[in-house]
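# Commentary on secondary and tertiary structure
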Amino acid sequence: MRRHWQKKPLLVRQAIPGFKPVLSAAQLFALASRDEVESRLITRSPARRGQAAWRLQRGPFARRALPPLAQPGWTLLVQGVDLHSEAAHELMQRFRFIPDARLDDLMISYASEGGGVGPHFDSYDVFLLQASGSRRWQISAQTDLSLQADAPLKILRRFAPQQEFVLHAGDMLYLPPGYAHDGVAQPGTGADGRPQACMTYSIGFRAPAQHELAAALLTRLAEMAQEEDGDAAPKLYRDPSQPASLNPAQVPPALLRFAEQALARALREPQALASALGEYLSEPKPNVWFESSDQAAEGLQKGQGVRLHQRSRMLYDAKRVFINGEAFVALGADARLMRQLADERHLPAATLARLSPSARQLLGNWFEDGWLVADLAG
Ligand code: SIN
Ligand code: CO
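Throughout this description, residue numbers start from 1 for each chain and increase along the sequence as written. All chains are assigned letters beginning at A, and all ligands numbers beginning at 1, according to the order in which they are written. Side-chain atom pairs in this predicted model are given and counted only at pLDDT of 80 or more, local residue features only at pLDDT of at least 70, and totals for whole chains, interfaces and linings cover all residues. Excluding hydrogens and water, the side-chain values take into account all heavy atoms of the structure.

Counting from the N terminus, the helices are the DSSP runs of H or I reaching at least four residues and the strands are the DSSP runs of E reaching at least two. Secondary structure summary: the protein contains eight helices and 17 strands in total. If you line up the protein on its principal axes, its C-alpha atoms span 80 × 70 × 45 Å. Restricting the contact set of the protein to residue pairs at least 6 apart, pairs at least 24 apart contribute 77%. Using the Shrake-Rupley algorithm and a 1.4 Å probe, accessible areas are obtained, with residue cover drawn only from the displayed protein chains. Counting only carbon and sulfur atoms, one obtains 54% of the accessible surface of the protein, whose full area is about 20,500 Å². Charge assignment in this entry is limited to Lys and Arg as positive and Asp and Glu as negative, and neither His nor the chain termini are counted. Charged groups are reduced to one reference atom each: NZ for lysine, CZ for arginine, CG for aspartic acid, CD for glutamic acid. Here the protein contributes 43 positively and 40 negatively charged side chains, and the mean placements of these two sets differ by 7 Å. We call two residues contacting when some pair of their heavy atoms lies within 4.5 Å.

Structure, rendered in structure tokens:
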């Protein structure tokens, strides 16, 4: 973290020795055929006048809509695989040396020989883990990040590679934001001599943009202030001392002061800001859903432990716990146990028994909502 995170690339040979893909190509193609899964197909046609022509199509893709595997120069990208595959979710857990609030998702690419997404840069940090087959990465610290104007995806206009590595299964490359790179699938054979598909896993991060945070937090704070007012009539701007106006189009200075007060009021309560931030950061993505359990909270009573559902996002700060966009105040021993649940993503049965009745009730509700599931391992 000290030397590389957000600073410079790092190649880790055999980051995960003996790594085996968590999904077969057939399972990946099946995911790409689902409506709720974001997928893209990128095809490169042979270069004409020195420049390759790129084509981008968006999923879902029926299996027969994908090009033949033997056709070179295409790649399928499937986003958010960790939301759908438990094994992919488990793999993501290895990257929790970075705070959950920064972790985004696991994208898997499948590429035929020569396939790739072209030279580009990403705005976020990424760990590129080779899952099977091999891929040649060329990278560059270039500062010219201008893009081709007419391409359907972000392609660098002038890519000047400075380093090159061929990654095999288990190797991993970390790139900080804004680092130019181009990964091209290489022909490869496995230990058994059979051809191996090039699959690359991108462990991606999120970083809120300041303007997005401002928009999201101010909206929440304004709603909180409104809730605080309850049924009281909204506070409207009043101007009993407004003289007859000679400049009717001018914004009254008193109205600017009223607006300033409105913002100051929303920001007055630092606890409200912390609460809004935790809610925002733990909000699941729009395509995420949970299946509520009709088993009621019984799972909590059978001496079983609980685990967070793989799609649940749970965070905490000094005063509250946040789960899937909601904030709860937790105190004393309950707070300690809730934080344990957030950090370890499970609570064993013996620990559950130490929760207060109200905290158990809360966990019961989460269980019914499908945010928590019974942990058969106890
Ligand atoms: C890929 O897996 O082909 C694309 C990953 C990336 O360059 O960010
Ligand atoms: Co990239």
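So, about the domain arrangement of the protein. Each assigned domain of the protein is listed with its residue range as follows: domain 1 (10–205) and domain 2 (296–375). Per the annotation, domain bounds derive from an automatic or database assignment of domains. In this structure, domain 1 and domain 2 have C-alpha centres spaced 35 Å apart. Between domain 1 and domain 2, a total of about 780 Å² is buried, with carbon and sulfur atoms accounting for 35% of that surface. Should a side-chain nitrogen of Lys or Arg be within 4 Å of a carboxyl oxygen of Asp or Glu, the pair is scored as a salt bridge. Scanning the region where domain 1 abuts domain 2 turns up one salt bridge. Here a polar contact means two N or O atoms within 3.5 Å. Within protein one must be a hydrogen donor candidate and the other an acceptor candidate, and residues neighboring in sequence count only if both atoms are side-chain atoms. Put simply, domain 1 and domain 2 have seven residue pairs in polar contact (both at pLDDT 80 or more) between them. At three residues, the largest contribution of residues to the side of domain 1 that touches domain 2 is made by helix H2 (residues 86–93). Accessible-area loss on putting two parts together, using a 1.4 Å probe and summing over both, is the definition of buried area adopted here.

Another aspect to go through is the sheet that holds strand S12 (residues 305–308). A pair of strands is labelled paired if DSSP reports no fewer than 2 bridges between them. Reading across the sheet, the three strands line up as S16-S12-S17 and stay open at both edges, with antiparallel pairing between neighbours. Edge positions in the open sheet fall to strand S16 (346–347) and strand S17 (372–375), since each of these has one partner strand only. Direction of pairing for S12 relative to S16: antiparallel, over a ladder of two bridges. When the bridges of S16 are listed, arginine 307 appears paired with histidine 346.

What follows deals with the site of ligand 1. We define proximity as follows: a residue is near a molecule or strand when any one of its heavy atoms falls within 4 Å of that partner. Around ligand 1, the surrounding shell consists of Met107, Ser109, Val117, His120, Asp122, Leu128, Arg135, Trp137, His181, Thr200 and Ser202. At a separation of 3.1 Å, an oxygen atom of ligand 1 approaches a polar side-chain atom of histidine 120. Measuring from an oxygen atom of ligand 1, one finds a side-chain N or O atom of arginine 135 at 3.3 Å. Out of a free accessible area of 260 Å², ligand 1 has 94% covered by protein chains. A cavity here means a set of points on a 1 Å grid, drawn over the protein atoms and nothing else, where a 1.4 Å probe fits but cannot get out; a pocket is an open set with protein on both sides within 12 Å along at least five of seven lines, and a residue lines either one if it has an atom within 4 Å of a point. Should more than half of a molecule's atoms lie within 2 Å of a pocket's or cavity's grid points, that molecule is taken to sit in it. Taking a 2 Å distance to the grid points as the criterion, the majority of the atoms of ligand 1 fall inside the largest pocket. Those elements that provide at least two residues to the shell around ligand 1 are strand S5 (103–111), strand S7 (134–140) and strand S11 (198–205). Grouping the amino acids of the shell around ligand 1 by side-chain chemistry returns four nonpolar, five polar and two charged. Nonpolar residues are Ala, Val, Leu, Ile, Met, Phe, Trp, Tyr, Cys and Pro. Charged residues are Asp, Glu, Lys and Arg, and all others, Gly as well, are polar.

With respect to the helices and strands, glutamine 310 occurs in the loop between S12 and strand S13 (314–316). Throughout this description, buried means an accessible area under 20% of the type-specific maximum (1.4 Å probe, protein chains only), exposed means over 50%, and partly exposed covers the range between. Glutamine 310 gets classed as buried once you look at its relative accessible area, which sits at 13%. Side-chain polar atoms of glutamine 310 contact the backbone oxygen of aspartate 82, separated by 2.9 Å. Here the side chain of glutamine 310 touches serine 85 through a polar contact of 3.5 Å, landing on its backbone oxygen. Each residue touching glutamine 310, except ones within four places of it in the same chain, is listed here: Asp82, Leu83, His84, Ser85, Glu86, His89 and Arg345.

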